[in-house]
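Here is how the chains run, residue by residue.
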Amino acid sequence: MRQHIGPVARWGLAVVRGRSMQPTLHDGDVLLVRYGVPARVGGLAVVRFPAARLQRPVDVVAVKRVTARSPDGWWVERDNPAEGVDSWLVGALSDDQVLARVLVRVWPLRRRS
């Protein structure tokens, strides 16, 4: 008899592209992420914005700050209000659209001022 233990959390790396998370993150930063674990309000997450909501041909995967959990889903925002897409433009995201929790930036080790 096989016992179902549940989904296995996986580790991975994500590379930041663009300026929507400045000053926290910069283009080219490499992040250690954990798939299969719930997001945390106040933390960063890798999310998928559906193409249909963005009126684009493909989904967009991005790093955003998780600011709230509501009955409608997760509310995510950008740190740089002048760049990018967030829940203010597309609404709350479902659980399956929050792909991974960001744990730490691994590169660059230090940011030069």
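Residues numbered from 1 in each chain as written. Predicted model: local features only at pLDDT ≥ 70, side-chain atom pairs only at ≥ 80, totals over all residues. Heavy atoms only, no water.

## Looking at a nonpolar patch on the surface
A cluster of nonpolar side chains, contributed by W11, L13, L103, V104, V106, W107 and L109, occupies part of the molecular surface with about 750 Å² of accessible area. Looking at where W11 falls in the secondary structure, it is placed in strand β1 (residues 10-15). With a relative accessible area of 52%, W11 lands in the exposed category. (Patch = residues over 30% accessible without salt bridge, like charges linked within 9 Å, V, L, I, M, F, W, Y side chains within 5 Å. Areas by Shrake-Rupley, 256 points an atom, 1.4 Å probe, with all protein chains shown as cover. Salt bridge = Lys/Arg side-chain N within 4 Å of Asp/Glu carboxyl O. Helix = DSSP H or I, 4+ residues; strand = E, 2+ residues; numbered from the N terminus. Buried < 20%, exposed > 50% of the residue type's maximum accessible area, 1.4 Å probe, protein only.)

## Topic: unusual backbone geometry
Here Q22 and P23 are connected by a cis peptide whose omega angle stands at 10°. One can find P23 in the loop between β1 and β2 (30-35). The peptide bond linking W107 to P108 adopts the cis configuration, its omega dihedral lying at -5°. Here P108 is to be found in the segment after β6 (98-107).

## A few points about the pattern of salt bridges
Close approach of charged atoms allows side chains with opposite charge to pair. Summed over all chains, the structure comprises five salt bridges. Put simply, D95 and R69 hold a salt bridge, and the shortest N to O gap is 3.3 Å. Here D95 is found in the loop between α2 (87-90) and β6, whereas its partner R69 is found in strand β4 (residues 60-70), with 26 residues between them in sequence. For the salt bridge of D86 with R78, the shortest nitrogen-to-oxygen distance reads 3.1 Å. Across this residue pair, the class does not change: D86 and R78 are buried.

## Here we look at the sheet that holds β4
Spatially, six strands are ordered β1-β2-β6-β3-β4-β5 in an open sheet, and the strand pairing comes out antiparallel. Because the sheet does not close on itself, it has two edges, and the strands there are β1 and β5 (73-77). Strand-to-strand twist of the sheet, defined as the mean angle between neighbouring strand axes without regard to direction, takes the value 50°. The pairing of strand β3 (residues 44-49) with β4 spans six bridges and is antiparallel. Counted as the bridge partner of L44 is R65 from β4. (Pairing = 2+ DSSP bridges. Axes fitted to C-alpha atoms, helices over the stretch in contact; angles between N-to-C directions.)

## Quick word on the nonpolar core
V47, F49, V66, V76 and V98 are the most contacted members of the largest nonpolar core, which totals 13 residues. Looking at this core, the elements with two or more residues in it are β3, β4 and β5. Of all the elements, β3 adds the most residues to this core, at three residues. When near neighbours in sequence (up to four residues on either side) are disregarded, V66 contacts A39, R40, V41, G42, G43, A45, W74, W75 and V76. Judged by nonpolar contacts, the second largest core, of 12 residues, contains V16, M21, V33 and A100. (Core = buried A, V, L, I, M, F, W, Y, C linked by side-chain atoms within 4.5 Å. Contact = heavy atoms within 4.5 Å.)

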